[in-house]
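Summary of the model geometry
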Amino acid sequence: MLLNQFLLLAAVLFSVGVYGVIVRRNGVLVLMSIELILNAVNINLIAFSTFWGMGGQVFALFVIAVAAAEVGVGLAIVLLIYRNKRSIDIDALDELKG
Amino acid sequence: MSLAAQLVAQVGAPVSFRGPTIDYHALAPEIVLSAAVVVLVLLDSIKLERAKAYMPVVTNLALLGALIPLLTLAYDGGTRALFGGSYVVGPMPLMLKAMFIVTTYVVVLLSTNYMAEGDYWESEYYTLLVSSLLGMVVMASSRDLIGIFVALELLSIPAYMLASWRKGDVRSNEAGLKYFLMGVFASAVLLYGMSLVYGLGGSTRLEDIGRVLADAPTDGVPVVTLALVFVVIGFAFKVSAVPFHVWAPDTYEGAPTPVTTFLAVASKAAGFVALISLVFYAFLPRADIIEPLFFVLAIGSMTVGNLAALRQTNVVRMLAYSGIAHAGFMLAPFVVAGSNPFRSMQSIVVYLVIYAAMNLGAFACVIAMARQTRSAELKDLAGVVRSMPGLAWCMVLFLASLIGMPPLGGWYAKFGVFKVVVGAETGLGYATAIIMAINTAIAAYYYLNVAKTMIFDDPPEGAPVRAPRTPPSLAAAIAISLVATFAFGILPGLLTNVTSYGPLALGG
């Protein structure tokens, strides 16, 4: 089996996603980077499930469904911020600190 | 053969699906709460404006209704394993479920006036609160990676919305977005760890994973370490352990205070419950990896949390940092998880329950006092003992409990953790105990500083002599927390009897 290649692909996607979350300052792009990490997770789960049976595929379905719900809520919050501040730059959120 | 006959042959032949047998009694609390969510949504959409007044009442009745099956299950005793051991209902899950439900009950009491007096969306608030509670209740029983993940998201997603509840207020929006981004990133990292754990363990059930990890203790060490570190880091965000705590003070300050209470008490406890399940049911064979990891998290959290709390001028923010420090104390028993799993688990659960009681009380007092002072800044609370003597003295009691003074509950929680950590007789255990002792002393300073400001300082100019009457729901919330704080301090056996009862040991 080509398990290695799948795991490498997932690891690269994961790293790109983490890089995006840390570097990007735009709320929507951070959300997209998180989606990359979740897709890395799905690749991992499905690659492993060729060895271990259906569990991983079921898990991947749950991840897809929950990710959709998360993004729905996230975009709503980003929209709320845009309405109040006319910007979705995360660095502009500096009302609370200390 | 015709096409239809072929299809029938294919569908009918080899695979026959049989649904699992479901123990409805064991699932009754979850069913009641799910029904409550549906009823609240329907009530909101049918009665609209008129429904607002009923919402808190219906919510609280539903929560009490969910407590009844918990009592009957506890009376029945024993451990029920559902879905092939993926969902376990035993003494410890029952107690944790009861804690979550009572905590949410108190949070609803705190919210009733707050939501009605402020400019808030009321009806949806209670729906989301119960949805989040449902996630926590599921979390208490889950013994499966999928179950834990779904429960985590079910409790988090409503909480993101609750944190940004003040739609027009930029501070609340900011609190919500910070909480959301941190939470989602943490759950993504957690999932990556879980996918590796699944690959190593060959199953999503914690029990099977634990068995595989125990059978192959030296195989694939780097991957095991990576997987365990990712999973623990994911939950470290949830329980706001240092260095993954940065969201907590901002979110706590910006969110509406009853929501802050819910996040600081219930949501954090749910994160700990998940950690307990994962560590004690699956990762225990690799204690060599998790113990140092938790050592760093525990001492980091208590030290950084306490030092940052020292220089806070806002009481809610101070309680946020104190919550980080308490999370460090709750993480400490994990450092000796390998030497005495049962005792460590027990001390964490006892700490969680007592911490919930005293922290709820402290937040309830802050909310009640802020009705008059209109802020939670420390300088505005100066001399409140003159206008609100009852509230001020209750607050002092809760602060004393947070310090860990007997006979209030806090002392027993801390004592239990010390006993376990020292009793393990490991180097890391002793080191943790010393750092804990130093931190207990540091923490006393800022709690006592709040007490001093409230009692001995002069009130600011123009403060009213008599405060407005505390509404009955707030008074009830404070009374419940006070009774629980005292009861657990004077009769700690109430908790230890439950946690040591029955087959709580591993696999139970």
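That block above? That's the structure.
Treat the numbers as computed from the prediction; the structure is a model and nothing was measured.

**Focus on the overall build of chain B**
Helix and strand content of chain B: 20 helices and 2 strands. A globule of 508 residues ought to have a C-alpha radius of gyration of about 23 Å, and chain B, at 23 Å, matches this closely. The principal-axis extent of the C-alpha atoms belonging to chain B is close to 90 × 60 × 45 Å. For chain B, the proportion of its 508 residues judged to be buried stands at 62%. Taking the contacts inside chain B whose residues are at least 6 apart along the sequence as the reference set, 80% of them involve residues at least 24 apart. Counting only carbon and sulfur atoms, one obtains 68% of the accessible surface of chain B, whose full area is about 18,100 Å². Computed over 28 positive and 27 negative side-chain charges, the separation of the two mean positions in chain B equals 4 Å.

**Considerations on the packing of helix 5 (residues 123-141) of chain B against helix 6 (residues 145-163) of chain B**
Residues and elements named next belong to chain B. It is at 8 Å that the axes of helix 5 and helix 6 come closest, and there the two elements cross at 155°. By the angle between their axes, helix 5 is roughly antiparallel relative to helix 6. Our pair here, helix 5 against helix 6, has a crossing hand that is left-handed. Listed contacts from helix 6 to Tyr125, Leu128, Leu129, Ser131, Ser132, Leu134, Gly135, Met136, Val138 and Met139 of helix 5 are Ile148, Ala151, Leu152, Leu154, Leu155, Pro158, Met161 and Leu162. Here the residues of the contact of helix 5 with helix 6 sort into 15 nonpolar, 3 polar and no charged.

**A few points about the side chain of Lys97(B)**
By secondary structure assignment, the location of Lys97(B) is in helix 4 (residues 91-117). A polar contact is formed between the side chain of Lys97(B) and the side chain of Ser141(B), at a distance of 2.9 Å.

**A closer look at the nonpolar core**
Side chains of a nonpolar character, in soluble globular proteins, are inclined to be buried together. Residue and element names in this part refer to chain B. Formed by 220 residues in total, the largest nonpolar core has its most connected members in Phe100, Phe294, Phe334 and Met454. The element that contributes the greatest number of residues to this core is helix 14 (residues 341-373), accounting for 21 residues. Sequence-distant contacts of Phe334, that is, excluding residues within four places in its chain, are made with Phe272, Leu275, Ile276, Val279, Phe280, Glu291, Phe294 and Ile348.

**Quick word on the pattern of salt bridges**
It is possible for side chains bearing opposite charge to pair when their charged atoms get close. All names here are of chain B. All told, the structure shown has 13 salt bridges over all chains when counted by the stated rule. Put simply, Glu253 and Arg171 hold a salt bridge, and the shortest N to O gap is 3.2 Å. With Glu253 in helix 10 (residues 247-254) and Arg171 in helix 7 (residues 170-201), the pair connects residues that are 82 residues apart, well separated along the chain. In this structure Glu253 comes out as buried when scored by relative accessible area, which is 18%. The residue Glu253 makes a salt bridge to Arg317 at a minimum N-O spacing of 2.5 Å.

Reading guide: rules and limits
- Residues numbered from 1 in each chain as written.
- Chains lettered and ligands numbered in written order.
- Predicted model: local features only at pLDDT ≥ 70, side-chain atom pairs only at ≥ 80, totals over all residues.
- Heavy atoms only, no water.
- Helix = DSSP H or I, 4+ residues; strand = E, 2+ residues; numbered from the N terminus.
- Rg over C-alpha atoms; globule rule 2.2 N^0.38 Å.
- Buried < 20%, exposed > 50% of the residue type's maximum accessible area, 1.4 Å probe, protein only.
- Contact = heavy atoms within 4.5 Å.
- Areas by Shrake-Rupley, 256 points an atom, 1.4 Å probe, with all protein chains shown as cover.
- Lys, Arg positive; Asp, Glu negative; His and termini not counted.
- Charge placed at Lys NZ, Arg CZ, Asp CG, Glu CD.
- Axes fitted to C-alpha atoms, helices over the stretch in contact; angles between N-to-C directions.
- Parallel < 35°, antiparallel > 145°, perpendicular 65-115°, else oblique.
- Left-handed = near helix turned anticlockwise from the far one by under 90°.
- Nonpolar A, V, L, I, M, F, W, Y, C, P; charged D, E, K, R; others polar.
- Polar contact = N/O pair within 3.5 Å; in protein donor to acceptor, adjacent residues only side chain to side chain.
- Core = buried A, V, L, I, M, F, W, Y, C linked by side-chain atoms within 4.5 Å.
- Salt bridge = Lys/Arg side-chain N within 4 Å of Asp/Glu carboxyl O.

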